[in-house]
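Residues per chain, in single letters:
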Amino acid sequence: MAQHPFSSAQSVLHPDRLWMWAKTVYLDENQRTWLPIIMEVQPALGLQVLMRQENVPLGEAVKPSQTLPSPLPLLWQLYPEGQYRGSDSSYWRIVYHVKFNNTEDVLLERLPDSQQK
């Protein structure tokens with residue numbers, strides 16, 4: 001019997017914090033780098049971002065005053081019930097978080113104000 005291609009996907013622990021290190025690089029509490037690789041607005045869903053854990057060299061960290069306006073917060077903090085709270089007080093639902101073929105992805109979806117807790 002053929003093995004299903006996703007049967008080797010692993011569930012993993014969510015990072016406690018993701019904070020912006022550079023314009024397109026976030027860093028977690030274990031010094032792992034995460035890249036926001038897909039951002040899209042779905043009319044029914046709102047803003048979604050796929051964070052991919054990839055090892056990239058770190059340069060100097062940006063200061064909050066050096067960042068440009070972005071739809072993504074400077075910091076995400078893990079909250080109960082599968083959510084992150086952004087430094088801008090936004091809430092983001094963890095749609096999924098998997099590791100497959102040594103690639104770790106977290107899909108986050110910003111919750112509308114009416115669903116914030």
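Above this text you will find the structure in question.
Residues numbered from 1 in each chain as written. Predicted model: local features only at pLDDT ≥ 70, side-chain atom pairs only at ≥ 80, totals over all residues. Heavy atoms only, no water.

### Overview of the side chain of glutamate 104
Looking at the secondary structure, you find glutamate 104 in strand 9 (residues 103–110). In terms of polar contacts, glutamate 104 uses its side chain to reach the side chain of histidine 97, at 2.7 Å. Excluding residues that lie within four positions of it along the chain, glutamate 104 makes contacts with Val12, Leu13, Arg32, Trp34, Met51, Arg52, Gln53, His97, Val98 and Lys99. (Helix = DSSP H or I, 4+ residues; strand = E, 2+ residues; numbered from the N terminus. Polar contact = N/O pair within 3.5 Å; in protein donor to acceptor, adjacent residues only side chain to side chain. Contact = heavy atoms within 4.5 Å.)

### Thoughts on the packing of aromatic side chains
A full pass over the atoms with the stated rule returns three aromatic pairs. Their ring planes at 35 degrees and their centres at 5.1 Å tell us that tyrosine 26 and tryptophan 76 sit as a pair that is tilted. Of this pair, tyrosine 26 sits in strand 3 (residues 25–28) while tryptophan 76 sits in strand 6 (residues 75–79), and the two are 50 residues apart along the sequence. A centroid spacing of 5.4 Å and a plane angle of 85 degrees characterise the contact between tryptophan 76 and tryptophan 92, whose relative ring orientation is edge-to-face. (Phe/Tyr/Trp six-rings, centres within 6.5 Å; stacked < 30°, edge-to-face > 60°.)

### Here's the deal with the pattern of salt bridges
Inspection of the entire model under this criterion finds four salt bridges. Among the ionic pairs, glutamate 104 bridges to arginine 32, the shortest N-O distance being 2.8 Å. Of this pair, glutamate 104 sits in strand 9 while arginine 32 is found in the loop between strand 3 and strand 4 (33–42), placing the two residues 72 residues apart along the sequence. Linking arginine 93 and glutamate 109 is a salt bridge whose minimum nitrogen-to-oxygen distance equals 3.2 Å. Pair noted here: arginine 93 is in strand 8 (residues 91–100) and glutamate 109 is in strand 9, with a separation of 16 residues, a long-range link. Look at arginine 93 and you get partly exposed, because its relative accessible area is 34%. The network of salt bridges with common partners includes Asp28, Arg32 and Glu104. (Salt bridge = Lys/Arg side-chain N within 4 Å of Asp/Glu carboxyl O. Buried < 20%, exposed > 50% of the residue type's maximum accessible area, 1.4 Å probe, protein only.)

### Concerning the side chain of threonine 33
Relative to the helices and strands, threonine 33 resides in strand 4. Look at threonine 33 and you get buried, because its relative accessible area is 3%. Polar side-chain contacts of threonine 33 include one of 2.2 Å to the backbone oxygen of glutamate 54.

### Some details on the pairing of strand 9
Of all eight residues in strand 9, six are buried, a share of seventy percent or more. Summarising the sheet, strand 5 (residues 46–53) and strand 9 pair through six bridges and their orientation is antiparallel. Looking at strand 9, one finds that valine 49 is bridged to leucine 108. If you look at the hairpin formed by strand 8 and strand 9, you'll find two residues sitting between the two strands, and asparagine 101 has a positive phi there, around 50 degrees. (Pairing = 2+ DSSP bridges.)

### Describing the nonpolar core
If you look at the biggest cluster of nonpolar residues, it comprises 14 residues, and the most contacted ones within it are Tyr26, Val49, Met51, Leu72, Trp76, Trp92 and Leu108. Of all the secondary-structure elements, those providing two or more residues to this core are strand 2 (17–22), strand 5, strand 8 and strand 9. At three residues, the largest contribution of residues to this core is made by strand 5. Ignoring sequence-local partners within four residues, the contact set of valine 49 consists of Pro36, Ile38, Met39, Leu72, Trp76, Trp92, Val106, Leu107 and Leu108. (Core = buried A, V, L, I, M, F, W, Y, C linked by side-chain atoms within 4.5 Å.)

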